[in-house]
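Fold and geometry: a report
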Amino acid sequence: MSTATEIVGMRVKSFRIKRKLSQEKLAELSNLHTTYIGQIERGEKNPSLLSLIKIANALEITPESLVSKLGIYEEKGSNIPNKAYNLFLEMQAEDAEKLFNILIDIVKYKYK
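Conventions and cut-offs
- Just so you know, the residues in each chain are numbered from 1, in the order the chain's sequence is written.
- Where local features are concerned, this predicted model is filtered to residues with pLDDT of at least 70; where side-chain atom pairs are given and counted, the filter is 80 or more; whole-chain, interface and lining totals use all residues.
- In computing side-chain properties, one takes all heavy atoms of the structure into account and sets aside hydrogens as well as water.
- Helix and strand assignments follow DSSP, with helices taken as H or I runs no shorter than four residues and strands as E runs no shorter than two, numbered in order from the N terminus.
- Think of it in three bands: residues with accessible area under 20% of the maximum for their type are buried, residues over 50% are exposed, and the middle band is partly exposed, with areas taken using a 1.4 Å probe on protein chains only.
- Any two residues whose heavy atoms approach within 4.5 Å are treated as being in contact.
- All accessible areas in this document rest on Shrake-Rupley with a 1.4 Å probe, and a residue is counted as covered only by the protein chains that are shown.
- Paired rings are identified among Phe, Tyr and Trp, the last through its six-membered ring, by centres lying within 6.5 Å, and are further divided according to the angle between planes into stacked (under 30 degrees), edge-to-face (over 60) and tilted (the rest).
- For a Lys NZ or an Arg CZ to count as sitting over a ring, it must be within 6 Å of the ring centre and within 35 degrees of the ring normal.
- Lines fitted to the C-alpha atoms define the axes, with helices restricted to the stretch that makes contact. Angles between their N-to-C directions range from 0 to 180 degrees.
- Each angle receives one of four descriptions, namely roughly parallel if under 35 degrees, roughly antiparallel if over 145, roughly perpendicular if within 65 to 115, and oblique otherwise.
- Left-handed describes a crossing whose near helix is turned anticlockwise from the far helix through less than a right angle; right-handed describes the clockwise counterpart.

Remarks on the overall build of the protein
- In terms of helices and strands, the protein carries eight helices and zero strands.
- Here the protein holds 112 residues, and the buried ones make up 31% of them.
- Relative to all contacts within the protein whose residues are 6 or more apart in sequence, the contacts with residues 24 or more apart total 57%.
- For the protein, the computed accessible surface area is about 7600 Å², with 57% contributed by carbon and sulfur atoms.

Okay, structure coming up:
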């Protein structure tokens, strides 16, 4: 799937966790299947506009919260540091810290 689909999935998961909802509860509130919610969160499915609206309503957010600024991830020629920065902004703090530590380990290993 595209980077934008993956980012939407990360946003859905992030908002779901912030609201302390399980995938099952989000599926129930949005009238979608639990499996579909999981596929969206993993970036495996590209949700329809109607599905995004249902999910946003269930999360009590605007649909824009799920799709704003997605174009910056798909721009050709945009630089990697900006893409990485925007990706980190989408992540939970704990996950961002883990990923950052992995990057540090890679850099240390490569330039040993």
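What about the packing of aromatic side chains?
- Per the stated rule, a full pass over the model turns up zero aromatic pairs.
- In this structure, Lys-18 is placed above the aromatic ring of Phe-15, and the distance from its NZ or CZ to the ring centre is 5.5 Å.

Points about the packing of helix α2 (residues 23-30) against helix α3 (residues 34-41)
- At their nearest, the axes of α2 and α3 sit 8 Å apart, and the two run at 110° to each other. In this view, α2 runs roughly perpendicular relative to α3, as classed from their interaxial angle. Judged by the twist between their axes, the crossing of α2 over α3 is right-handed. For the pair α2 and α3, contact is made by Gln-23, Glu-24, Leu-26, Ala-27 and Ser-30 and by Thr-34, Ile-37, Gly-38 and Glu-41, respectively.

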